[in-house]
Amino acid sequence: MISTNDLTAYFAKIGLVDNPPATIEGLTALHRAQHRRIPFENFDIQLGKGVSVDFDDIVQKIVYHERGGYCFELIELMYQALIASGFNAVRQLARVHKGPEPTGRSHQFSLVELNGQKWVVDIGFGSHTPRTPLPLDYGVEIKTDIQTFRFVKNEVYGSMLQVYERNEEGDLHWQNLYSFEFAHVCAGDIHTSNFFVSSYPESFFFKNRIAAFPTENGIALLFNHSLKLITPEGTKEVGLQEDDTYLEVIKRHFGIELDMPIQALKHIAAE
């Protein structure tokens with residue numbers, strides 16, 4: 001449970017004066033505030049530290065330092081703020097379907113119920129993080145400011161979140177993102193999933209440096225030695241060097257301060 005002092009510091013960091021009301025307006029304000037202030041990133045893995053899901057460690061890292069985190073950290077931080085603000089929220093785990101095969105239950109999000117309506121609240125899915133809470137209604141297009149999602153039912157995997165986007169050929173299509181089954185999630189589930197994602201040598205997050213941070217009408221994305229700045233006008237891609245300019249870029253575009261030399265990061269060969 002988040003302490004009163006840590007909750008006050010969290011709200012100050014994300015730019016909220018006080019606890020949001022337990023309404024859809026309050027939920028949206030909280031989601032937007034954290035999403036626009038705290039980046040998605042996995043640099044602790046790339047520094048060889050691994051990722052702690054002990055809540056005190058999450059708070060120290062994200063609230064009191066200029067760092068972000070990935071789903072198990074970002075979602076847990078917001079989940080604790082939701083509970084402290086009077087929301088009816090539960091933790092959920094999901095299978096990611098962005099690769100050729102689905103993962104195990106390797107992604108965490110929150111499920112919030114307001115006046116009989118369920119909302120998927122996810123501020124930790126990298127480049128496809130929803131920019132607002134998503135109402136859990138099936139077969140309906142759900143638009144944020146610049147995204148289009150929908151939920152569909154799947155015979156094997158339960159509920160599936162999809163995004164409408166262009167594929168590599170440039171054609172618009174519905175892309176599976178992740179699936180979930182409303183199963184109860186305990187602390188052991190989260191520790192197990194986080195350990196696999198952060199420690200397994202073939203894990204996407206173990207092998208790659210990743211960061212994502214929304215802008216007003218787009219997003220900044222880091223993947224290893226590539227920086228992409230996506231806006232309504234198009235995409236600008238910049239190659240990054242393995243020197244101090246790398247640290248300057250992640251501070252300028254993502255607000256991440258590592259306080260370590262570039263040599264502390266695991267070496268990743270240039271693409």
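About the criteria used
- Residues numbered from 1 in each chain as written.
- Predicted model: local features only at pLDDT ≥ 70, side-chain atom pairs only at ≥ 80, totals over all residues.
- Heavy atoms only, no water.
- Pairing = 2+ DSSP bridges.
- Helix = DSSP H or I, 4+ residues; strand = E, 2+ residues; numbered from the N terminus.
- Contact = heavy atoms within 4.5 Å.
- Axes fitted to C-alpha atoms, helices over the stretch in contact; angles between N-to-C directions.
- Buried < 20%, exposed > 50% of the residue type's maximum accessible area, 1.4 Å probe, protein only.
- Disulfide = S-S within 2.5 Å.
- Polar contact = N/O pair within 3.5 Å; in protein donor to acceptor, adjacent residues only side chain to side chain.
- Core = buried A, V, L, I, M, F, W, Y, C linked by side-chain atoms within 4.5 Å.

1. A look at the sheet that holds strand S4 (residues 117-121)
Backbone-to-backbone hydrogen bonds join strands into a sheet, with any given pair of strands oriented parallel or antiparallel.
Right, so step 1: Strands sit in the order S5-S4-S3-S2-S9-S8-S7-S6 across an open sheet of 8 strands; the sheet is antiparallel. Across the chains shown, the open sheet's two edge strands, defined by having one partner strand only, are strand S5 (134-135) and strand S6 (142-143).
Right, so step 2: One ladder, built from 5 bridges, connects strand S3 (residues 105-114) with S4; its direction is antiparallel. Bridge pairing in S4 places Glu-113 opposite Lys-118.
Right, so step 3: Against the sheet, helix H2 (residues 24-37) touches S3 and S4, its axis set at about 5 degrees to S4.
Right, so step 4: Sheet strands touched by helix H6 (residues 187-199): strand S2 (88-96) and S3. Its angle to S3, the strand with the most contacts, is close to 140 degrees.

2. Notes on the sheet that holds strand S1 (residues 40-41)
Right, so step 1: What the 5 strands build is an open sheet, ordered S1-S10-S11-S12-S13; its pairing is antiparallel. Strands at the two margins of the open sheet, each flanked by one partner only, are S1 and strand S13 (234-239).
Right, so step 2: Bridge count for strand S12 (residues 226-231) against S13 is 6 bridges, and the pairing is antiparallel. Paired with Ile-230 across the bridge in S13 is Thr-235.
Right, so step 3: On the sheet, helix H8 (residues 244-254) packs against strand S10 (210-214), strand S11 (219-223) and S12 and is oriented at approximately 155 degrees with respect to S11.

3. Quick notes on the side chain of Ser-85
Right, so step 1: Within the element layout of this structure, Ser-85 appears in the loop between helix H5 (71-84) and S2.
Right, so step 2: Overall, the relative accessible area of 11% leaves Ser-85 in the buried class.
Right, so step 3: Residue contacts for Ser-85: discarding those within four places in its chain leaves Phe-11, Asn-19, Pro-20 and Ala-22.

4. Looking at the state of the cysteines
Right, so step 1: Overall, the coordinates contain 0 disulfides when judged by the stated rule.
Right, so step 2: Cys-71 forms no disulfide, and the closest cysteine sulfur to it belongs to Cys-186, at a distance of 16 Å.
Right, so step 3: Take Cys-71: its relative accessible area is 5%, and that puts it in the buried class.
Right, so step 4: Residue class for Cys-186 comes out partly exposed when judged on its relative accessible area of 37%.

5. Observations regarding the side chain of Glu-41
Right, so step 1: The topology assignment puts Glu-41 in strand S1.
Right, so step 2: Within the structure, the side chain of Glu-41 is placed 2.7 Å from the side chain of Arg-67, a separation counted as a polar contact.
Right, so step 3: From its side chain, Glu-41 meets the backbone nitrogen of Gly-68 in a polar contact 2.8 Å long.

6. Thoughts on the nonpolar core
Right, so step 1: Counting 44 residues, the largest nonpolar core has Tyr-10, Leu-77 and Val-112 as its most contacted members.
Right, so step 2: The dominant element in this core, judged by the number of residues it contributes, is H5, at 9 residues.
Right, so step 3: When neighbours within four sequence positions are excluded, Leu-77 is seen to be in contact with Tyr-10, Gln-34, Ile-38, Phe-55, Ile-58, Val-59, Ile-62 and Val-63.
Right, so step 4: Leu-47, Leu-247, Ile-250 and Ile-256 belong to the second largest nonpolar core, which has 17 residues in total.

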